[in-house]
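Read off the chains here:
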Amino acid sequence: MKKILIGILLLIIIGVVAVVVLPQTLLKPKPVHFHAGFQVYKDGKLQSFTGNKYMHEAPCAVDGKPVASNGDEQSEKAHLHDHVGDVVHSHRNNPTWGDLFTNIKYPIDEKNVVAYINGNKVDDILVEKIKPYDSVIIFIGKHTDDEKYLKSAVTKKRIQEIEKRSETCSS
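Residues numbered from 1 in each chain as written. Predicted model: local features only at pLDDT ≥ 70, side-chain atom pairs only at ≥ 80, totals over all residues. Heavy atoms only, no water.

(A) Representation of the overall build of the chain within the structure. When its secondary structure is counted, the chain shows five helices and eight strands. Reading the chain from its N terminus to its C terminus gives the helix and strand order α-β-β-β-β-α-β-α-β-β-β-α-α. The 171 residues of the chain split such that 39% are buried. Intrachain contacts of the chain at a sequence separation of at least 6 include 65% that bridge at least 24 residues. (Helix = DSSP H or I, 4+ residues; strand = E, 2+ residues; numbered from the N terminus. Buried < 20%, exposed > 50% of the residue type's maximum accessible area, 1.4 Å probe, protein only. Contact = heavy atoms within 4.5 Å.)

(B) Layout of the environment of His33. Relative to the elements of secondary structure, His33 occurs in the loop between α1 (2-24) and β1 (34-42). Residue class for His33 comes out partly exposed when judged on its relative accessible area of 25%. Between the alpha carbons of His33 and His91 there is a distance of 4.6 Å; along the sequence they are 58 residues apart. Within the structure, His33 has its side chain in polar contact with the side chain of His35 (distance 3.2 Å). (Polar contact = N/O pair within 3.5 Å; in protein donor to acceptor, adjacent residues only side chain to side chain.)

(C) Just the confidence of the model for the chain, in detail. Averaged over every residue, the pLDDT of the chain is 84; the share at 70 or more is 79%. Taken together, the stretch residues 65-69 has pLDDT below 50 and engages in nine contacts with residues farther than four places along the chain or on a different chain. (pLDDT = per-residue confidence, 0-100.)

(D) Representation of helix α5 (residues 156-165). For α5, the complete set of buried residues consists of Ile159, Ile162 and Glu163. What you see down the axis of α5 is that its buried residues fit within an arc of 105°, all on one side. Opposite its buried face, α5 presents the exposed residues Lys157, Lys164 and Arg165, each directed more than 90 degrees away. Summarising the contacts, the buried residues of α5 are in contact with β1 and β5 (87-90). (Arc of directions from axis to C-beta.)

What follows is the structure in structure tokens.
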């Protein structure tokens, strides 16, 4: 009888661990954090997004430890850090380039826009998903010689350099 009670107690303990502990540890989703590069040319002039008004101020980590989400899911989709205006950070699945421009408050009118992702022309950049290490170039208004500008796109090497030196969002 004593062995049966011990067996039942062990089953209860295992059940509690399986129901309470496992979902909070083993099944917890892996944090999302990736980067991509971008440039915007307006009437042939490269736009700068290095100013304070474009930066996301909440740190991703302090002393190397991740900081809990501030609950602002929209800003976590796509934002800029550390006065780096050509590398976007994302902490959510499936962000779009439209999310970035919404968050940095830089409206883009699709009527007079030509955009490329990794050298491939796309029809509607604002609905395109941001993917790790993608490089986007957006032309607004008048522009010539797309090929020349495509050669100066943000490279994977540049994105990786920013990841290494980032003060608030290293990967």
